[in-house]
Every structure is written in structure tokens, then in C-alpha cells.
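Coordinate analysis (summary)
Here's the letter readout for the chains.
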Amino acid sequence: MSIAVHDCTPAALSTEGTMWKRITRSMLWTFVAAAAAVPAAAQQTVKLPSRDNVLRDRPTEVFRVGTVEGKDWEMFSGVRSVAFDRADNMYLLDTQNTRVVVFDAKGGFIRQFGKKGGGPGELQAPLAMDITSDGRVVVSDLGNRAFVVFERDGTYVRNIPFGEELGFPMAMTADRSGGIVTRSMPRPRADQPASAAGASPILRQPLAGTEPRTLYSVPVPAPRVIQNAGGGQRIAAINMDPIFSARPTFGVLPSGLALHHETEYAIRILDDNGKHVRTLARDITPRKVTKKDQEEWHEQRRRNEAQGTGATVVMSRTSPAGTSTTIGNRPPASMTFSMDDAQFAEFMSVVTAIRTDPLGRIWVQRRDRDGTAPGPIDLLMPDGRYIGTLPAQAMPNAVSRTGLAAWVVTDDELGVERVVVRRLPASWR
């Protein structure tokens, strides 16, 4: 969930281009979320076993980093991305501190790089990070509206500006060909009809700076206008999928992509050109959303906002002086009413997220029966081989080639962020 705020004064219009020419002294506030499912032609379907083969072995802890008090490099605030390089060094994107922190395979501190600012190698509102196949570190920075590229030692390489087709890159992962793949939400356009739907493309972006190529696209529903102050001064709109519906989630494979965006359990395998090759399916019936589910979701949302762990909020303000962007965990007070206006899906999506790892495995997080907590995780291969199912637990944030996995955890009492690294058991392979 994200909020994008655009301040479109007459002086700012010249810097934002012709897309804002129809706005005069206005502010467009938009909630942006994942797109609705898009139908596709039937392809080869691999039916996975209907019963879980539960993997009982547990990972063994290797190290953990993060503390409430200590040295600068071990105090985190907003770790949103974790990645391993080929040597099992671990890179953390510490968003509130606008930096990347690097640890070795035993948890020893190596270096940190990046700082707040809009200059070369500086970050304003970093949202995601990954490491390319040739070892470069790429940070998606909404504040600078660019992918910021570093060498593995932290040396700044270049910025790749977001094109208009990229809009707001809300998810990013490294491509095995040396570039990145990102899913983007379109920037709000004041000159398009209120009923017009857009599209959320999944694009391959080469680091050479050449134009990105669309691999897949899902539609974005037209926003619902929920507040209009009159006189063209302020418009508040919400653009989001119904709660408990499927949100597009993808991962890069050694060859192609794994993608999910449907209520049913249907993992689409795409080739390197975005062509749908096969679907991995399990016969799990989606559960109907009840009134109790809706009430519990609202209660959980309020608890998260009170603890500062709510949905990701991206605040972007454009003015004559330029564009500034910040990232937080709760919407401004004037916008909280919109969450109470949220709509709910009729059925809960079976799958909530997928992740891929360097060995080509697909980690499929299923929804628990209550609808809110992490459920079981299926481990699959792109050809349809079913490895087994892990008992209900959180998805790892990153997995290395040698079998290290990292989880970002938060201490419930102190609110301290830590990253725990564990060695995966052989049975999970």
C-alpha cells in the first residue's frame, strides 16, 4: 500500500510536463496498490499434489545483527530489502537511515554506503535493493526518481532515471542477465478520464540505461474519488484492490519469471520474453470473506499504525523547488479515513506472496485460515516438481546460493529490528 502526494502549482507544472497542464492549484492524493488479476489464454497446467508433504527439519541459526543500542552500523530503522552476493556477504537496505549496510557470511561488519541527499551516490527515499548477477548493487530510490547503481564496494556508478512508463516502481529484483526486473504503478494523470483504468507493467530494465521492455502487464482499476473539496483545489482518490484479494507478486528465475495474481492457487511460469509457458496449480479452495474477517482486519490495521508498522506510505511532493519523497509506515491524519472506506474481496486469495532463489526454487506463501497471519510455504521448481511444504511461518527475505536465508524480525516489546540468518536444511532442497 502506498500514498503518492503531488503538489501541482502553476510554477510546478512546467517541471512536470504536459501531463499536468489541466491542473491549476490542485493536489492529487492517490492510494496506489496492486492490480487486479488479468485473464490469459490457457497454457500447460501442472497439477501439484493436493496434500501437503510437510518438511519438518528446521534451519539452524548462524548469526543475527541489530540492536537497540550500539554502534551506528548495528542500529536499523526500516530494513526493507536483504540480498546475498556470491560470497554470501549480506547487504541490508536500511531505508530510514538511507544507507546500505554490508556483513560477511559470519555476521561481521564490512562497510556501509549511501547517505541522505540528492547528489551522486546519495539516497532520498529508497524502497528496494538487490544485487545483479555481476555483483552490482541497485537501489530503487523514489525520491531521486532513479535506480541508483553502486559497485559492491560502495563506489557510486550512475543513476538510471525512471521513465514515465515506470511511474512508481513498487517491487524490484535483479535479473540473471545483469539488469533488474521491476513492477510499476503508473503515475496519476490529471488529464485522463476518472473512469479510465491503467496498467501495472512488469518491466526488464538494463543497467546500460537503455529503454525498459515490458514483459507482462496487469490492469489497474479506476480510482474511486472519495473526497473533493470543490473548486479544483483538492482531490482525494483511492486506487487499491479489495482487501484479501490477490496482489501481483513475482520472482526472477534462472530462465524467466514466476508470477501470481489470481484468487486461486495458480503460479504462472513465464519465459525470458514474458510468454506464459505453464501454470503450477494446487486444488485449494479460496475461503469466503466474512464480516468477522473484515472487523479483525480493521483492528489489526489500527494496531499496526499505532506501533508504526502499518502499510508502506510513500509521500511525494512536487514543487517549483523540485521533488521530495519520504517513506513511512502510516498515512497522514487527513487520509486515514480512506482506509475505513476500504472494500473487501468476496473470497480470500489462496497465495499471498512468492519469492524465488538462486537455485531456481519458488517459495509460495499461502494464506492462513484466519486470513492475516503467514500460512504454510510450498517449495516448488519451475518445471512443476513439488519439494514439500513448510509449516506456517514467515517467508525469508533473501536466500543465498549456498543455503543461507535471512529473516527481518522486530522485537514486539522494544520495536528493535534485527536480521536473523539461518542455514537451510538439506531436505528443503
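Whatever comes next refers back to the structure up there.
Definitions and limits used
- Residues numbered from 1 in each chain as written.
- Predicted model: local features only at pLDDT ≥ 70, side-chain atom pairs only at ≥ 80, totals over all residues.
- Heavy atoms only, no water.
- Helix = DSSP H or I, 4+ residues; strand = E, 2+ residues; numbered from the N terminus.
- Buried < 20%, exposed > 50% of the residue type's maximum accessible area, 1.4 Å probe, protein only.
- Contact = heavy atoms within 4.5 Å.
- Areas by Shrake-Rupley, 256 points an atom, 1.4 Å probe, with all protein chains shown as cover.
- Polar contact = N/O pair within 3.5 Å; in protein donor to acceptor, adjacent residues only side chain to side chain.
- Phe/Tyr/Trp six-rings, centres within 6.5 Å; stacked < 30°, edge-to-face > 60°.
- Lys NZ or Arg CZ within 6 Å of the ring centre and 35° of its normal.
- Pairing = 2+ DSSP bridges.
- Axes fitted to C-alpha atoms, helices over the stretch in contact; angles between N-to-C directions.
- Salt bridge = Lys/Arg side-chain N within 4 Å of Asp/Glu carboxyl O.

1. Looking at the overall build of the protein chain
Looking only at helices and strands, one finds 3 helices and 31 strands in the protein chain. Among the 429 residues that make up the protein chain, the fraction classed as buried is 52%. Sequence-distant contacts in the protein chain: of pairs separated by 6 or more residues, those separated by 24 or more amount to 53%. For the protein chain, the exposed surface amounts to about 18700 Å²; the carbon and sulfur share of it is 48%.

2. Some points on the side chain of Arg287
Mapped onto the elements of the fold, Arg287 is located in the loop between β22 (276-281) and α2 (291-307). A polar side-chain atom of Arg287 sits 3.0 Å from a polar atom in the side chain of Asp293. With sequence-adjacent residues up to four places away left out, Arg287 is seen in contact with Asp293, Phe347, Met348, Arg369, Asp370 and Gly371.

3. Brief notes about the packing of aromatic side chains
Counting across every chain of the model gives 10 aromatic pairs. Taken together, a centroid distance of 5.9 Å and an interplanar angle of 65 degrees make the contact between Trp73 and Phe103 edge-to-face. Of the two residues, Trp73 is situated in the loop between β4 (60-65) and β5 (79-84) and Phe103 in strand β7 (residues 99-103); the sequence distance between them amounts to 30 residues. Look at Phe103 and you get buried, because its relative accessible area is 0%. Between Phe113 and Phe150 the ring centres are 5.0 Å apart and the planes differ by 55 degrees, which places this aromatic pair in the tilted class. Taken as a pair, Phe113 in strand β8 (residues 109-113) and Phe150 in strand β11 (residues 146-150) lie far apart in primary sequence, 37 residues in all. The exposure class assigned to Phe150 is buried, which follows from its relative accessible area of 1%. Cluster of aromatic residues (ring-pair linked, three or more members): Trp73, Phe76, Phe103 and Phe109. One residue, Lys288, lies across the ring of Phe347, its end atom 5.2 Å from the ring centre. For Arg422, the ring lying beneath its charged end belongs to Trp407, and the centroid distance is 4.9 Å.

4. Re the sheet that holds strand β25 (residues 351-356)
Ordered in space as β25-β26-β27-β28, the 4 strands form an open sheet in which the pairing is antiparallel. In this open sheet, the two strands that pair with only one neighbour each are β25 and β28 (386-390). Put simply, the sheet's adjacent strands are angled 20 degrees from each other on average, direction ignored. Pairing geometry for β25 and strand β26 (residues 362-367), over 5 bridges, is antiparallel. What sits directly across from Ile354, in β26, is Val364.

5. Observations regarding the pattern of salt bridges
Enumeration over the complete set of coordinates arrives at 16 salt bridges. Across the pair Asp293 and Arg287 runs a salt bridge, and its minimum N-O distance is 3.0 Å. Here Asp293 matches Arg287 in class, with each residue buried. Across the salt bridge formed by Asp357 and Arg361, the nearest N and O atoms sit 2.7 Å from each other. Under the relative-accessibility criterion, Asp357 is labelled buried at 1%. Judged by its relative accessible area of 2%, Arg361 is buried. Taken together, the shared-partner salt bridges connect Asp52, Arg282, Arg366 and Asp378 into one network.

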